[in-house]
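Chain and residue survey
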Amino acid sequence: MVAPLSAWPWEHLGIFKYILYGPLAAKAWYSWMYEDNILKDLWCIHILLICTLRGFIHQLWSSYNNMFFLTRNCWIKQQGVDFKQIDDEWDWDNFIILQAMLASMASLIFPSLNTLPSWNLKGFIASLLLHVTISEPLYYWAHRFFHKPYLFNHYHSLHHSSPVPHPFTAGHATPLEHLVLCTVIGIPLTGSILMGYGSTAMIYGHVLVFDFFRCLGHSNAEVVPHEVFNKLPLLRYFIYTPTYHSLHHTEMETNFCLFMPLFDALGSTLNTKSLELHKKITSNSGKNGRVPDFVFLAHVVDIMSAMHTPFALRSFASTPFCMRMFLLPFWPLTFIIMLVMWGWSKTFLFSFYNLRCRLHQTWVVPRFGFQYFLPFATKGINKHIEEAILRADRLGVKVISLAALNKNEALNGGGTLFVNKHPELKVRVVHGNTLTAAVILNEFSKDVKEVFLTGATSKLGRATALYLCRKRVRVLMLTSSTERFQKILKEAPVDCQNYLVQVTKHQAAQNCKTWIVGKWITPWEQSWAPSGTHFHQFVVPPILPIRRDCTYGDLAAMRLPPDVEGLGSCEYTMERGVVHACHAGGVVHQIEGWSHHEVGAIDVDRIDLVWEAALKHGLKPVSSVNN
C-alpha cells in the first residue's frame, strides 16, 4: 500500500499538469478584460509571477551546473548526471504547483493579503529573525525525523535517490516533505504579516532567496571560496555550502540543517570533514582536473539545436533533437549568442561520461554548421581545431576524434593538415570514418548484388565502392568526373574493376533498390528510385524522407556499451546511448590502444578489423530503418 502523501496526485498528467495554473491565469485575464478594479485580483498575477521566477532561479542554477567548461574544476562528485536521474527528477517543479495552490487558498481566505503595502523594511527584518529562530530549528528536527526508518523508506528516500546533487534535486521530493517546507517557509511570512510588517516585496524576497539557497546547497559545483571562512570564521556556522550539503547526501546521518550549520553544531550532527573537504575542492578550482582519455571534437549544428544543450535545457538535451516550435521566440537571443561565440569564444567542454574507468569528453568548436561553408571562416575554424588538438596533446589525452565538418576534406584533409604540421603529436588524431564505413557496409543484406552510390568520389564514397566491388557487388558510382572515377578504379583489384560503373544521372538507378546517399539529393532525384528502395546515407543533413513506398536509414551510429556511466545528453538526433559512428570510431581507437593516426583516406583493408573491434568491446549497431 502506498503511504499517504508520498505521491503527487497529478503525477500521471505529464505536461498537462500545467493546466492546474489555468484558473489563476483565467482569473487574472478576466479581471483585466471585464472588471473595473484590476487590483482586486492582483494576487493571481503575483502568484503566477512568483512561480515563474522560482522556476527561472532553478533553471539558472541548472544551467550553471551544466556549464562544465566553467565548473569542471570545482565538481564535488565527479560522476555525471545520467538519464535515469534526469527522468526521476523530470517533475522537479511539482512543489511550485503545490505552493501556488496553497497561496491561492490563503489569498481567498484572507482578502487582506491583497492590500499589503509594496515595501516595509521592518518586514524583512522580522521575517529574517523568525526564519533563524523558528524555521531553521524546525526544519532541522523535521529533517532528522525524516531519516527515521519509516519516514525515510516511505518519503525521504526519494530525495536521496539522486546519485549526483543538482539544483533540480532540491525539488525532487514527496508531497509530505514539501508540505513541511511550506510550513518552514510560511512561518516567517505569516509572522511578519501578523505583526503588521508584511509587504509584497517581503514575500517575493523571502520565497526567492529561500529557493536560491536551496539550489545552492544542491549544486554539484562549489561556489563559496574557502577564503571567506578563513577571514570570517563564524560565518561557517551561518551559511552552508554545496560541499556541506553533499556530505549529507553521502553520509546521511550528518549535516541536517536547512541553511545554517549552527544547528548541526548544537545538535552534534556536524560532519567534521565539512570544512576540510570544502577547502580541498575550492583549492583545486584553479587547477586542471582529471585528464580525459578520449575527446570527441564536435561543433554546433544550427541555432535550433543549440537550444537543446544541457546548459540551456537539460530535459531537451536528454532526448533526441527535434524541432520544437515554441522555442522559436528564443531564436533571436540564440542568434546573438552565436555572434558572440563567433567573436570571442574558444573551444569548450560540452559533456562527458565514463566508460570502464576511462573519462570520455566532448569538446565543441564554437562554430555553427553554416559557418564551415563560408570561405573567409575556414582559417579561423582550422585554428580552433588545431588549438584543441594541441591542448589535448599537452594534457595527455590519448585520442581525439573529429566530428562531421571538423574533418571535412576541403577544410583540412580529414585531419591530415594537423598531423603533417605537428609530426611530434602524442595524441592520436582520428576521423572515425573507417567505422562509419563499416556501419554502412554492414547494413546490407548478403543478397545485395547492385547498389547506387552518390557522393561516390568522397572519402566514404571511395571506401564504400572499393569494399563492395571486392565483395562482387556492382556499384553504380554517380559522378561527372571521369578523372576521379578512374583514380578510384585503379585502386580496385584488377579482377574486380568491372564491378565499378560510372553513371552521370540518377535515372541510371531506376531499377536499383539499394541507394547509398553520400551527397544530398532532392525529392525529384529520389523519384527515380523504384518502389521498395532503401536509402542508406552518410550525408549531412540527412535527406528528406518523402517516399512512403521507400525506407530511409539514419546517419551511421553505434550504441555505447551498457556499462557507460554518467551519460545524460543525446548526440544531436541520436537516441539515448547512441553516438555517431565517427565518435564510436574514436572510442574503439582509444580502447584498442592503436598508435597510428586515422586521417586522410580510409584504409579499406581495416574496415572489417575496426568493425570486429567495435563489436568485441560491446558497441552495437543501431537499426537504421525508418519506414
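Residues numbered from 1 in each chain as written. Predicted model: local features only at pLDDT ≥ 70, side-chain atom pairs only at ≥ 80, totals over all residues. Heavy atoms only, no water.

The next point concerns the domain arrangement of the protein. When its domains are assigned, the protein resolves into domain 1 (22-80 + 93-284), domain 2 (294-430) and domain 3 (444-557). For domain 1 versus domain 2, the separation of C-alpha centres amounts to 37 Å. Contact residues are listed per partner, giving 14 residues for domain 1 and 11 residues for domain 2. When domain 1 packs against domain 2, close to 1,100 Å² is buried across both sides, 64% of that on carbon and sulfur atoms. Among the residues of domain 1 in contact with domain 2, N66, F68 and F69 are the three that bury the most area, contributing 44% of the side total. The tally of links from domain 1 across to domain 2 stands at zero salt bridges. On inspection of domain 1 and its partner domain 2, the count reaches four residue pairs in polar contact (both at pLDDT 80 or more). Counting only elements with at least two residues in the side of domain 1 that touches domain 2, the list comes to α2 (42-66) and α3 (68-71). (Domains from an automatic or database assignment. Contact = heavy atoms within 4.5 Å. Buried area = accessible area lost by both parts, 1.4 Å probe. Salt bridge = Lys/Arg side-chain N within 4 Å of Asp/Glu carboxyl O. Polar contact = N/O pair within 3.5 Å; in protein donor to acceptor, adjacent residues only side chain to side chain. Helix = DSSP H or I, 4+ residues; strand = E, 2+ residues; numbered from the N terminus.)

Now for the UniProt feature "domain: Fatty acid hydroxylase" (unreviewed entry) in the protein. Within this structure's numbering, the places UniProt gives as "domain: Fatty acid hydroxylase" (unreviewed entry) are residues 129-269. The span residues 129-269 shows a helical share of 63% and a strand share of 0%, and its end C-alpha atoms are spaced 23 Å apart. (UniProt positions renumbered as here; feature names shortened; annotations may be inferred.)

Time to look at the UniProt feature "transmembrane region" (unreviewed entry) in the protein. Sequence positions flagged by UniProt for "transmembrane region" (unreviewed entry) are, in local numbering, residues 12-30, 42-61, 96-116, 123-142 and 325-344. Spanning residues 123-142, this segment combines 100% helix with 0% strand, and its end C-alpha atoms are found 26 Å apart. Along residues 325-344 one finds 70% helix and 0% strand; the C-alpha atoms at either end are 29 Å apart.

Grouped together as the largest cluster of nonpolar side chains are 74 residues, with contacts concentrated most on L435, L468, L500 and I607. At seven residues, helix α21 (residues 459-470) tops the list of elements feeding residues into this core. Ignoring any residue separated from it by four or fewer positions in sequence, one finds L435 in contact with M558, A581, A584, G585, V588, V610, W611 and A614. The next biggest cluster of nonpolar side chains, apart from the first, holds 27 residues, and it includes V295, W363, I381 and V427. (Core = buried A, V, L, I, M, F, W, Y, C linked by side-chain atoms within 4.5 Å. Buried < 20%, exposed > 50% of the residue type's maximum accessible area, 1.4 Å probe, protein only.)

One can describe the packing of helix α8 (residues 175-194) onto helix α9 (residues 200-217) by two numbers: an axis separation of 10 Å at closest approach and a directional angle of 145°. The element α8 and its partner α9 pack so that their crossing is right-handed. Across the interface between the two elements, H178, L181, V184, I185, P188, L189, S192 and I193 from α8 touch M202, I203, H206, V207, F210 and R214 from α9. Its residues assigned to classes, the contact of α8 with α9 comprises 10 nonpolar, three polar and one charged. (Axes fitted to C-alpha atoms, helices over the stretch in contact; angles between N-to-C directions. Left-handed = near helix turned anticlockwise from the far one by under 90°. Nonpolar A, V, L, I, M, F, W, Y, C, P; charged D, E, K, R; others polar.)

Bringing helix α6 (residues 121-146) into the picture now. For α6, which comprises 26 residues, the first-to-last C-alpha distance of 35 Å matches the rise-based estimate of 38 Å (1.5 Å per residue) to within 8%. The largest bend in α6 is about 40°, located at H131. Its side-chain oxygen placed 3.0 Å from the backbone nitrogen of K122, N120 serves as the N-cap of α6. (Expected span 1.5 Å × (residues − 1). Bend = angle between axes of the 7 residues up to and from the residue.)

Tracing the chain through its elements places A170 in the loop between α7 (149-160) and α8. In this structure the C-alpha to C-alpha distance between A170 and E89, which are 81 residues apart in sequence, comes to 9.5 Å. With residues near it in sequence (within four places) discarded, A170 still touches H159, H178, R214 and H218.

Here we take up the pattern of salt bridges. Applying the stated criterion to the full structure yields 18 salt bridges. A salt bridge links R474 to E450, with the nearest nitrogen and oxygen atoms 2.4 Å apart. You can see R474 sitting in strand β7 (residues 474-478) and its partner E450 sitting in strand β6 (residues 450-454), a full 24 residues away along the chain. When salt bridges with common partners are traced through the structure, they connect K17, D91 and D93 into a single cluster.

Moving on, we get to the environment of I57. Take I57: it is sitting in helix α2. The class for I57 is buried, based on a relative accessible area of 16%. Through-space distance from the C-alpha of I57 to that of F538 is 42 Å; in sequence the pair is 481 residues apart. I57 has contacts with L208, D211, F212 and C215, leaving out every residue within four places of it along the chain.

Counting across every chain of the model gives 28 aromatic pairs. Ring plane angle 40° and centroid distance 4.8 Å describe the contact between W119 and F124, whose orientation is recorded as tilted. Residue classification places W119 among the exposed residues on the basis of a relative accessible area of 57%. Ring geometry for W331 versus F335: centroids 5.3 Å apart, planes at 10°, classification stacked. With W331 and F335 both in helix α16 (residues 331-344), this residue pair falls four residues apart, about one helical turn. Residue W331 is classed as partly exposed on the basis of its relative accessible area of 35%. Lying across the ring of W363, R391 places its NZ or CZ 4.5 Å from the centre. (Phe/Tyr/Trp six-rings, centres within 6.5 Å; stacked < 30°, edge-to-face > 60°. Lys NZ or Arg CZ within 6 Å of the ring centre and 35° of its normal.)

Quick look at the sheet that holds strand β13 (residues 578-580) now. If you trace the three strands from one edge of the open sheet to the other, you get β13-β12-β14, paired in antiparallel fashion. Each edge of the open sheet carries a strand with a single partner, namely β13 and β14 (620-621). Bridge count for strand β12 (residues 557-559) against β14 is two bridges, and the pairing is antiparallel. Counterpart to M558 in the pairing with β14 is P621. (Pairing = 2+ DSSP bridges.)

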